[in-house]
Amino acid sequence: RRFRRPAMVAPFRRFARSYHFASPAYHAAFSPRVAVDTAPIRAAALAAHGRLVAETSPSGGPASWHASPMVSLLGGKRLEGGERVLTVDAFGATNGAQLLASTDEMEALLRQIEGPAAPRADLRPAIRRLEARLLEQRAGEMIAAQLVDFGKQDGVTEFEEAHQANPVEMRLNDHMWEAEAAGEIVIPRRPVLVPCVSNFSHFLDLCRKTLRCLELGIPVVVLSRSHTAQYPFRWAQLLADELAAERVDPTLFTFVSASLPNQQRLIRAATRAAASEPAAAAEGTPTPFLFTGARSLAALIKADVAPGMIASTQGPNLMVALGLPPSVAKAAALSATIENSGQCTALRVLLAPQAEATDAAVGAMLAVDAAATGADAASYLSAGQFAGLLAPAPVAEDGRPPRTPSGYTAHAASEGVSYRVSVGLPDDGLSRLEPLAEHWRQVVLDVATPPAGVDIASDESADAVGAWLVRHQPITCSVNGAVGRDAAPAVAAGSPPDHFRFARRVFERSALCVYSVGDADAPVLSAQARPQDGECFGELPPLSSMADVTVFPMVVPSAQAAYFSHYSTEHLRALGAAAAALQRALAEQAASLGGLLKAGVALVACAVLPEGLAVPVCLEYALAVGEEASEPSARPLRERLHAQLGLPDRGEIE
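To continue, consider the overall build of the chain. When helices and strands are tallied, the chain shows 25 helices and 20 strands. A burial count over the chain gives 56% of its 654 residues as buried. About 27000 Å² of surface is accessible on the chain, with carbon and sulfur atoms providing 56% of the total.

Bringing the environment of Thr254 into the picture now. Checked against the element boundaries, Thr254 lands in strand S8 (residues 253-256). A sequence separation of 181 residues divides Thr254 from Leu73, and the C-alpha atoms of the two residues are 5.4 Å apart. Beyond its immediate sequence surroundings of up to four residues, Thr254 is in contact with Leu73, Leu74, Leu109, Gln112, Val220, Val221 and Val222.

This part is about helix H6 (residues 124-137). With 14 residues, H6 should reach 20 Å at 1.5 Å per residue; the first-to-last C-alpha distance of 19 Å fits that figure. Listed as buried for H6 are Arg124, Ala126, Ile127, Leu130, Glu131, Leu134 and Leu135. All buried residues of H6 fall inside an arc of 160 degrees around its axis, so they share one side. In H6, the exposed positions angled more than 90 degrees off the buried face are occupied by Glu136 and Gln137. Lining the buried residues of H6 we find helix H7 (139-150), helix H8 (155-181), helix H9 (201-214) and helix H10 (230-245).

This part takes up the pairing of strand S3 (residues 83-88). In the sheet, S3 pairs with strand S4 (residues 94-100) via 6 bridges, with the strands oriented antiparallel. Paired with Arg84 across the two strands is Leu99, which belongs to S4.

On to the environment of Ala448, then. Relative to the helices and strands, Ala448 is located in strand S15 (residues 443-449). Overall, the relative accessible area of 0% leaves Ala448 in the buried class. For the pair Ala448 and Val349, spaced 99 residues apart in the sequence, the C-alpha separation amounts to 7.2 Å. With residues near it in sequence (within four places) discarded, Ala448 still touches Leu350, Leu351, Ala352, Ser422, Gly424, Leu425 and Pro426.

Before going further, it helps to examine the packing of aromatic side chains. A full pass over the atoms with the stated rule returns 4 aromatic pairs. Judged by centre distance (5.2 Å) and plane angle (65 degrees), the ring pair of Phe233 and Phe255 falls under edge-to-face. Remark: Phe255 occurs in strand S8 and Phe233 occurs in helix H10; sequence separation between them is 22 residues. Of the two residues examined, Phe233 and Phe255, each falls in the buried class. With a centroid separation of 5.1 Å and an interplanar angle of 70 degrees, the aromatic rings of Phe507 and Tyr515 are classed as edge-to-face. Classification of Tyr515 as partly exposed rests on a relative accessible area of 25%. The rings of Phe21, Tyr26 and Phe30 are connected pair by pair, giving a single aromatic cluster. Positioned above the aromatic ring of Trp177, the side-chain terminus of Arg120 is 3.6 Å from the ring centre. Between the NZ or CZ atom of Arg441 and the centre of the ring of Phe150, over which it lies, the distance is 3.9 Å.

Two numbers describe how H8 lies on H9: the axes approach to 10 Å, and their chain directions differ by 20 degrees. What the angle tells us is that H8 and H9 run roughly parallel. Between H8 and H9 the crossing geometry is right-handed. Between H8 and H9, the residues in contact are Glu158, Phe159, Ala162, Ala165, Asn166, Glu169, Met170 and Asn173 and Ser201, His202, Phe203, Cys207, Arg208 and Arg212, respectively. Split into classes, the residues belonging to the contact of H8 with H9 amount to 6 nonpolar, 4 polar and 4 charged.

Moving on to unusual backbone geometry. The step from Ser31 to Pro32 runs through a cis peptide bond, and the omega angle for that step is 0 degrees. Here Pro32 is to be found in the loop between helix H2 (24-28) and helix H3 (38-54). In this structure, the amide linkage connecting Ala391 to the following residue, Pro392, adopts the cis form with an omega of 0 degrees. Looking at the element boundaries, Pro392 is found in the loop between helix H16 (377-383) and strand S13 (409-410). The backbone phi angle of Ala22 is positive, close to 70 degrees, even though this residue is not glycine. If you trace the backbone, Ala22 turns up in the loop between helix H1 (9-13) and H2. Using a relative accessible area of 54% as the deciding quantity, one classes Ala22 as exposed.

This paragraph deals with the pattern of salt bridges. Per the counting criterion, the structure on display carries 29 salt bridges. The closest approach of N and O atoms between Glu141 and Arg138, which form a salt bridge, is 2.6 Å. Note on Glu141: relative accessible area 34%, which makes it partly exposed. When the shortest N-O distance is used, the salt bridge between Arg208 and Glu169 registers 2.7 Å.

Right, let's get into the nonpolar core. In this structure, Trp235, Leu239 and Phe253 are the most contacted members of the largest nonpolar core, which totals 78 residues. For this core, the element with the highest residue contribution is H8, accounting for 9 residues. Filtering out sequence-adjacent residues up to four positions away, Leu239 remains in contact with Leu130, Leu134, Leu206, Thr210, Leu211, Leu214 and Phe253. Of all hydrophobic cores here, the second largest spans 28 residues; its members include Val221, Ile267, Ala269 and Phe291.

Put plainly, a disulfide is one covalent bond tying together the sulfur atoms of two cysteines. Per the stated rule, a full pass over the model turns up 0 disulfides. Summary of cysteine pairing: Cys536 is not part of a disulfide, and the nearest cysteine sulfur, belonging to Cys513, is at 6.0 Å.

Take the side chain of Arg348 next. Within the secondary structure, Arg348 is located in strand S12 (residues 347-351). For Arg348, the side chain forms a polar contact with the side chain of Tyr408, separated by 3.0 Å. When near neighbours in sequence (up to four residues on either side) are disregarded, Arg348 contacts Pro316, Asn317, Tyr408, Leu436, Ala437, Glu438, His439, Val444, Leu445 and Asp446.

Below, the discussion takes up the side chain of Asp446. Structurally, Asp446 is set in strand S15. Looking at Asp446, the relative accessible area reads 0%, which means it is buried. A distance of 2.7 Å separates a polar atom in the side chain of Asp446 from a polar atom in the side chain of Arg348. Among the polar contacts listed, one links the side chain of Asp446 to the side chain of Arg420, at a separation of 2.3 Å. Not counting the four nearest positions on each side in its chain, Asp446 is found in contact with Arg348, Val349, Leu350, Tyr408, Arg420, Pro426 and Leu436.

Here we come to the confidence of the model for the chain. Summing up the model confidence of the chain, the mean pLDDT is 86 and the portion of residues at 70 or higher is 82%. Low confidence marks residues 1-14, where pLDDT is under 50. Its contacts with residues over four positions away, or in another chain, come to 27 contacts. Confidence drops under pLDDT 50 across residues 650-654; counting only partners more than four residues distant or on other chains, this segment forms 13 contacts.

Criteria and cut-off values
Residue numbers restart at each chain and count upward from 1, following the sequence in its written direction. For this predicted model, a pLDDT threshold of at least 70 governs which residues receive local features, and a threshold of 80 or more governs which side-chain atom pairs are given and counted, while totals over whole chains, interfaces and linings are taken from all residues. Based on all heavy atoms of the structure, the side-chain values leave hydrogens and waters out of the count. Secondary structure is summarised from DSSP: a helix means a run of H or I of at least four residues, a strand means a run of E of at least two, and numbering begins at the N terminus for each. Burial classes: relative accessible area under 20% of the type maximum marks a residue as buried, over 50% as exposed, and values in between as partly exposed (1.4 Å probe, protein chains only). Per-residue accessibility takes into account occlusion by the displayed protein chains alone, with areas from the Shrake-Rupley method and a 1.4 Å probe. Here, two residues are considered to be in contact whenever any of their heavy atoms come within 4.5 Å of each other. Multiplying one less than the number of residues by 1.5 Å gives the expected span of a helix. The arc under discussion is defined with respect to the helix axis, by the directions toward the C-beta atoms. Between any two strands, at least two bridges found by DSSP are needed for them to pair. Only rings of Phe, Tyr and Trp enter the pairing, Trp through its six-membered ring, and a pair is recorded when the two centres are within 6.5 Å. The plane angle decides the type: under 30 degrees is stacked, over 60 is edge-to-face, the rest tilted. Definition used: whenever NZ (Lys) or CZ (Arg) falls within 6 Å of the ring centre and also within 35 degrees of the ring normal, the charge is taken to sit over that ring. Lines are fitted to the C-alpha atoms to define the axes, a helix being fitted only along its stretch in contact, and any angle between axes, read from their N-to-C directions, falls within 0 to 180 degrees. For classification purposes, angles smaller than 35 degrees are called roughly parallel, those larger than 145 roughly antiparallel, those between 65 and 115 roughly perpendicular, and all remaining angles oblique. Take the far helix as the reference: if the near one is turned anticlockwise from it by less than a right angle, the crossing is left-handed, and if turned clockwise, right-handed. Only Asp, Glu, Lys and Arg are considered charged, only Ala, Val, Leu, Ile, Met, Phe, Trp, Tyr, Cys and Pro nonpolar, and every remaining residue, Gly among them, polar. Whenever Lys or Arg places a side-chain nitrogen within 4 Å of a carboxyl oxygen from Asp or Glu, that contact is recorded as a salt bridge. In this description, a nonpolar core means a group of buried Ala, Val, Leu, Ile, Met, Phe, Trp, Tyr and Cys residues linked to one another through side-chain atoms lying within 4.5 Å. A pair of cysteine sulfur atoms is labelled a disulfide when the two atoms are within 2.5 Å. Contacts described as polar in this section are N or O atom pairs within 3.5 Å, which, within protein, must combine one atom able to donate a hydrogen with one able to accept it, while residues neighboring in sequence count only if both atoms come from side chains. Values of pLDDT, ranging from 0 to 100, describe the predictor's confidence in every residue of the model.

What follows is the structure, given as structure tokens:
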């Protein structure tokens, strides 16, 4: 019987995933790539840093950071009536001043955040114009401020990544705007809260959180930090000026300079205001709190004041070295000292063969030569180096100078470096959320070796690594082979080298966002993914604690607003009605067909249905294939059916 396409197919052709992760449109958003010349950015940053140093105040830090202190920004105006306090940098030194919001100023901020939702407005052209100016004309002064405040050694790479990843998220935002215009989704336009991160605030906080929301007309409220607070405020002030130049409604952007209790008060008020709106209450959409930081802190904030927590959280990154030739040892040392261990991808654990991971070998590996660069962040920036030790060292999380953790060995030559060598992957059992302390901005490395009698390249070793990754859920796992490509005998024999086989087995037994594989000729670092190369970066908590830490796991790049938007009720009802009508039409067409022809009906349905609906609608027809599809003559059709359904074998269909 001739198959006739049901009339209800047409509407489905117009609904396909676009901004959704891993969809064809998502993949297409990575192209074309953007070429970035970093030399002018570096030169501008060094020049701007020189100007800041030249105006150093006797009180510490740039004089302009005292004369023009941090303040709250509301409606494009500075609120300057509050208490004056001093700010400190990453080294615990005074570097400027801050005016904390007064009682009256807090009331004004609360009225702003509790007010009605913003109207739908397409601000993409204006925001993208001002963003281009910020990244191209003001990058030098922003990097210099970050260098002085945080001690960032390589702010240039952050801007390079912003230039390359921002267009990807802009294209995803374009899909979001089109989906909303078509009535498919609802983008809430109540304020989004952005607590600034100590590192990468230019890309994460300014670009992907603040600007990507603003360009869809979503109000953004940025919260000040308790330390290293100056440089996020400096980009906030530049942004406020640029918004005024573009004549964008100034009430869409607010910066809150306030004490922690007042910030908590504001967060709770924002959550109550969002819950009071009928539409938001019906969808259960709390105020989005876009956070990047430690899991334990994210869990505390989410439980206490911010149920809308959408967090990116770090984990103890792991490198597996099947051998420690000089090139791999250098890769491990660079990974452990990136930004003085001030980046979320810094190496925390190294697994290496017992014969090569001796105390002497590890000590030699971590003998970091800081003298060549002068050991200050500006010298590293000038030399184009992203890894190394700073002198003085950044203070610990509690504000005290770094100290050697209990059970670790202080490096004899590299001050501030600690390590321990032990059998088996470490697990200190500190807490369910963070069983292994990460020691932010302290170079602390665990060097683990397999148990006696276990070959590091064996399946048993790979399985142990997979289980450890599932428990600790770091950002990245890197695997380096012991030898170079030409020296790997298995390649000539037609089987994969040990490090490829090992990495695949680990991949199949874990669920990280970033895996890297290298060898002695081209070793990989414990590094983040590169969106400009079509790679995705994600900081995903362990599944057992996911709900404690975040509403959804965060992936970069992505459409930021998609994390707190929802499908419209009308759209879902229309899809449900259309799916039911199509299912009835398919049933009528297939009623008198044999098993193989029913499989053909399923293939046609897979071809015409939108992604996400093809499988549930077609499974009953796939089941009808039965034993007949197992005959050799039916194998090509069966394989096509399995490919369309995305299922590897007939057993899964059953």
